[in-house]
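Residues per chain, in single letters:
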Amino acid sequence: MTIPEAQAALLAAFQACADWDAKYQRLIAMGRELPAMPEELRTEANKIKGCQSQVWMFPETREGRVYFHADSDGLIVKGIVALLVGVYNGQTHADILAEPLTIIESLELSRYLTP
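This structure is a prediction, so every number in the text was calculated from the model and none was measured.

Draft legend 1. Just the side chain of Thr92, in detail. Note on placement: Thr92 falls in strand β3 (residues 91-92). Within the local environment of Thr92, its side chain forms a polar contact with the backbone nitrogen of Asp95, the two atoms lying 3.0 Å apart. Filtering out sequence-adjacent residues up to four positions away, Thr92 remains in contact with Gly64 and Arg65.

Structure, rendered in structure tokens:
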């Protein structure tokens, strides 16, 4: 699946939600479905700076494609991390750099979440 296709599929899934409570529940569920990040990757070097919640991301390249190990200690933030992983996992470096991330804005998440 391409990055635009992944974003479109996620957008469709969220548009099926009746209201913002349902969207938050979907985000939380996505976070819970995120594969466990190996403990040895939860290091200071893999921690995202400037986030109120703790977030760790570790990219791994295999056969020219990027795969992410990620985690957060915040339920909603972990869901957002799962969104990002869902869009970018298995993509090439070039595709990741070429395709803008539109899902956060399309879902209007920035209106309801702190920076």
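Draft legend 2. Geometry of unusual backbone geometry. Of note, the phi angle at Glu63 is positive, near 50°, even though the residue is not glycine. As for its placement among the helices and strands, Glu63 is situated in the loop between β1 (55-62) and β2 (65-72). Given the relative accessible area of 85%, Glu63 is considered exposed. The backbone of Glu108 shows a phi angle near 60°, a positive value even though the residue is not glycine.

Draft legend 3. Geometry of the pattern of salt bridges. Enumeration over the complete set of coordinates arrives at four salt bridges. Salt-bridge contacts for Asp71 lead to Arg42; the nearest nitrogen and oxygen are separated by 2.9 Å. Within this pair, whereas Asp71 is found in strand β2, its partner Arg42 is found in the loop between α2 (20-33) and β1, the two being separated by 29 residues in sequence. For Asp71, a relative accessible area of 8% corresponds to the buried category. Relative accessible area serves as the criterion here: at 28%, Arg42 is assigned to the partly exposed category.

Procedures and definitions
- Residues numbered from 1 in each chain as written.
- Predicted model: local features only at pLDDT ≥ 70, side-chain atom pairs only at ≥ 80, totals over all residues.
- Heavy atoms only, no water.
- Helix = DSSP H or I, 4+ residues; strand = E, 2+ residues; numbered from the N terminus.
- Polar contact = N/O pair within 3.5 Å; in protein donor to acceptor, adjacent residues only side chain to side chain.
- Contact = heavy atoms within 4.5 Å.
- Buried < 20%, exposed > 50% of the residue type's maximum accessible area, 1.4 Å probe, protein only.
- Salt bridge = Lys/Arg side-chain N within 4 Å of Asp/Glu carboxyl O.

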